[in-house]
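Coordinates in review
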Amino acid sequence: MALITAAGHLTLSVVNLIPGETTAGPAFAGMGIGYVVVAVLILRRAALLVELATLYTGGLIAAYAVSRLPIGGALPVEPIGLLIKADEVALLLVLVHLIRSGRAGPATAAET
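Cut-offs used in this document
Residues numbered from 1 in each chain as written. Predicted model: local features only at pLDDT ≥ 70, side-chain atom pairs only at ≥ 80, totals over all residues. Heavy atoms only, no water. 1 Å grid on protein atoms, 1.4 Å probe; cavity = no way out; pocket = protein on both sides within 12 Å on 5 of 7 lines; lining within 4 Å. Points joined across faces, edges and corners; volume = space filled by probe spheres on them. Helix = DSSP H or I, 4+ residues; strand = E, 2+ residues; numbered from the N terminus. Nonpolar A, V, L, I, M, F, W, Y, C, P; charged D, E, K, R; others polar. Core = buried A, V, L, I, M, F, W, Y, C linked by side-chain atoms within 4.5 Å. Buried < 20%, exposed > 50% of the residue type's maximum accessible area, 1.4 Å probe, protein only. Contact = heavy atoms within 4.5 Å. Axes fitted to C-alpha atoms, helices over the stretch in contact; angles between N-to-C directions. Parallel < 35°, antiparallel > 145°, perpendicular 65-115°, else oblique. Left-handed = near helix turned anticlockwise from the far one by under 90°.

Turning to the layout of surface pockets, a few remarks are in order. Put simply, the largest pocket is a space of about 220 Å³. Lining the largest pocket are 16 residues, with Phe28, Met31, Tyr64, Arg68 and Lys85 positioned closest to its centre. When contributions to the lining of the largest pocket are tallied by element, the ones reaching two or more residues are helix H1 (2-14), helix H2 (26-44), helix H3 (47-67) and helix H4 (79-101). The element best represented in the lining of the largest pocket is H3, accounting for 4 residues. Grouping the constituent residues of the lining of the largest pocket by class yields 9 nonpolar, 3 polar and 4 charged.

So, in structure tokens, the structure goes:
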């Protein structure tokens, strides 16, 4: 899921696919690279790193929601953005599950 979200953001960083919003540029490239890092953090499953990935994902979901309020306001609500946000919400649920189930693993000496 993290790599799907990364692909969506990296694609938007190269091509403006959302009417009324300029996405091409470093901001969306940075978000895409951030999700590649999230995928690596999930594979490492170190507790602190998974918690950081959870904060990153939740933060970007919140930023999207705030930037679209009120509906029809500052930035458009469009199918591509909603699809990527749906994937991010699913990813967030997986990350929270990893943390709550203890599958994120213990913190290593390098993390403390």
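There is more to say after this.
Judged by nonpolar contacts, the single largest core of 20 residues is most densely connected at Ala2, Tyr35, Val38, Ile42, Leu91 and Leu95. The set of elements that each furnish at least two residues to this core consists of H1, H2, H3 and H4. Counting residues per element, this core draws most heavily on H2, at 7 residues. Not counting chain neighbours up to four residues away, the residues in contact with Ile42 comprise Ala2, Leu91, Leu95 and Leu98.

Look at H2 against H3: their axes get within 9 Å of each other, and the N-to-C directions meet at 150 degrees. Considering their axes alone, H2 and H3 lie roughly antiparallel with respect to each other. Viewed along their axes, H2 and H3 form a crossing whose handedness is left-handed. Between H2 and H3, the contacting residues are Gly30, Met31, Gly34, Tyr35, Val38, Leu41 and Arg44 on the first element and Leu49, Val50, Ala53, Tyr56, Thr57 and Leu60 on the second. Its residues placed into classes, the contact of H2 with H3 shows 9 nonpolar, 3 polar and 1 charged.

As far as function goes, none of this settles anything; it's purely spatial.
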